[in-house]
Amino acid sequence: AVQLVESGGGSVQAGGSLRLSCAVSGYGGIRFAVAWFRQVTGKEREGVAAIASDDKITYADSVKGRFTISKDSAKTIIYLEMISLKPEDTAMYYCALDPWVASNLIFSPHSYGHWGPGTQVTVSS
């Protein structure tokens, strides 16, 4: 079974930085798409950054220029580097994976079959 475990969340002041990690294990396929989502209680889950199975990278407009998604050479760790954090970035951040995702649905939560439990990011003003 595929397992995703996020880490690196915490509490920071506005303008600060954090790097989230997503450890991937148990995936038997050759390629996959992976994405970071975030969600505030009572609101819809929104896509933040994604790497498609062809390695195309997509960012939400709200984080473009501030967040960077990457993966290590072994494809076992997915990173989300966040700088210039804002209070509106406060959310539970989730890592998601699927063998393949249509490009027009890269930020649709239902495109992903595997999810981590999440890591909390809190940005204070």
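The coordinates are above.
Residues numbered from 1 in each chain as written. Predicted model: local features only at pLDDT ≥ 70, side-chain atom pairs only at ≥ 80, totals over all residues. Heavy atoms only, no water.

K.L.:
Mind showing me how you'd approach the overall build of the protein here?
P.N.:
Within the protein, the regular secondary structure consists of zero helices and eleven strands. Secondary structure elements of the protein, listed N to C terminal, follow the sequence β-β-β-β-β-β-β-β-β-β-β. Computed over the C-alpha atoms, the radius of gyration of the protein is 14 Å, within 12% of the 14 Å expected from 2.2 N^0.38 for a compact globule of 125 residues. Dimensions of the protein, computed from the C-alpha atoms along their principal axes, are close to 45 × 25 × 25 Å. By residue count, 41% of the 125 residues in the protein fall in the buried class. Within the protein, contacts between residues at least 6 apart in sequence are counted, and of these 60% link residues at least 24 apart. Looking at the protein as shown, the accessible area adds up to about 6,500 Å², and 51% of this sits on carbon and sulfur atoms. The centroid of the 11 positive side-chain charges in the protein is displaced by 2 Å from the centroid of its 11 negative side-chain charges. (Helix = DSSP H or I, 4+ residues; strand = E, 2+ residues; numbered from the N terminus. Rg over C-alpha atoms; globule rule 2.2 N^0.38 Å. Buried < 20%, exposed > 50% of the residue type's maximum accessible area, 1.4 Å probe, protein only. Contact = heavy atoms within 4.5 Å. Areas by Shrake-Rupley, 256 points an atom, 1.4 Å probe, with all protein chains shown as cover. Lys, Arg positive; Asp, Glu negative; His and termini not counted. Charge placed at Lys NZ, Arg CZ, Asp CG, Glu CD.)

K.L.:
Honestly, the sheet that holds strand β8 (residues 77-82) in this entry has me stumped. Any pointers?
P.N.:
Where strands meet in a sheet, backbone hydrogen bonds hold them as pairs that are either parallel or antiparallel. Taken in spatial order, the four strands of this open sheet run β1-β3-β8-β7, and their pairing is antiparallel. The open sheet has two edge strands, β1 (3-7) and β7 (67-71), and neither has a second partner. Going across the sheet, the axis of each strand differs from the next one's by a mean of 15 degrees, ignoring polarity. Bridge analysis of strand β3 (residues 18-25) against β8 gives six bridges, and the strand direction is antiparallel. Along β8, the bridge assignment pairs Leu-20 with Leu-80. (Pairing = 2+ DSSP bridges. Axes fitted to C-alpha atoms, helices over the stretch in contact; angles between N-to-C directions.)

K.L.:
Can you walk me through the nonpolar core in this structure?
P.N.:
In summary, soluble globular proteins display a tendency toward joint burial of nonpolar side chains. Grouped together as the largest cluster of nonpolar side chains are 26 residues, with contacts concentrated most on Trp-36, Val-48, Phe-67, Ile-78, Leu-80, Met-82 and Tyr-93. When contributions to this core are tallied by element, the ones reaching two or more residues are β3, β4 (33-39), β5 (46-51), β7, β8, β9 (91-98) and β11 (119-124). Those residues in contact with Ile-78 that sit more than four places away from it in its chain are Leu-20, Ser-21, Cys-22, Val-24, Phe-32, Val-34, Trp-36, Ile-69, Ser-70 and Lys-71. Of all hydrophobic cores here, the second largest spans nine residues; its members include Ala-33, Phe-37, Ala-52 and Ile-106. (Core = buried A, V, L, I, M, F, W, Y, C linked by side-chain atoms within 4.5 Å.)

K.L.:
Sorry, what's going on with the pairing of β7 here?
P.N.:
Taken residue by residue, a regular strand's side chains alternate between the two faces of the sheet. The pairing of β7 with β8 spans five bridges and is antiparallel. Across the sheet, Ile-69 pairs through a bridge with Leu-80, a residue of β8. In this antiparallel pair of consecutive strands, β7 and β8, the connection spans five residues, and Lys-75 shows a positive phi of 60 degrees.

K.L.:
I'm lost on the side chain of Thr-119 in this one. Help?
P.N.:
Here Thr-119 shows up in strand β11. A polar contact is formed between the side chain of Thr-119 and the backbone nitrogen of Gly-9, at a distance of 3.2 Å. Among all residues touching Thr-119, those that are not within four sequence positions of it are Glu-6, Ser-7, Gly-8, Gly-9, Leu-20, Ala-91, Met-92 and Tyr-93. (Polar contact = N/O pair within 3.5 Å; in protein donor to acceptor, adjacent residues only side chain to side chain.)

K.L.:
Quick question: what am I supposed to make of the state of the cysteines here?
P.N.:
One covalent bond between the sulfur atoms of two cysteine residues makes up a disulfide. Here the structure, examined in full by the defined rule, presents one disulfide. Disulfide pairing is shown between Cys-22 and Cys-95; the S-S distance is 2.1 Å. Handedness here is read from the sign of the S-S torsion; for Cys-22 and Cys-95, about -80 degrees, the answer is left-handed. Here Cys-95 lies in strand β9 and Cys-22 lies in strand β3, a separation of 73 residues in the sequence. As far as burial versus exposure is concerned, Cys-22 and Cys-95 are alike and both buried. (Disulfide = S-S within 2.5 Å.)

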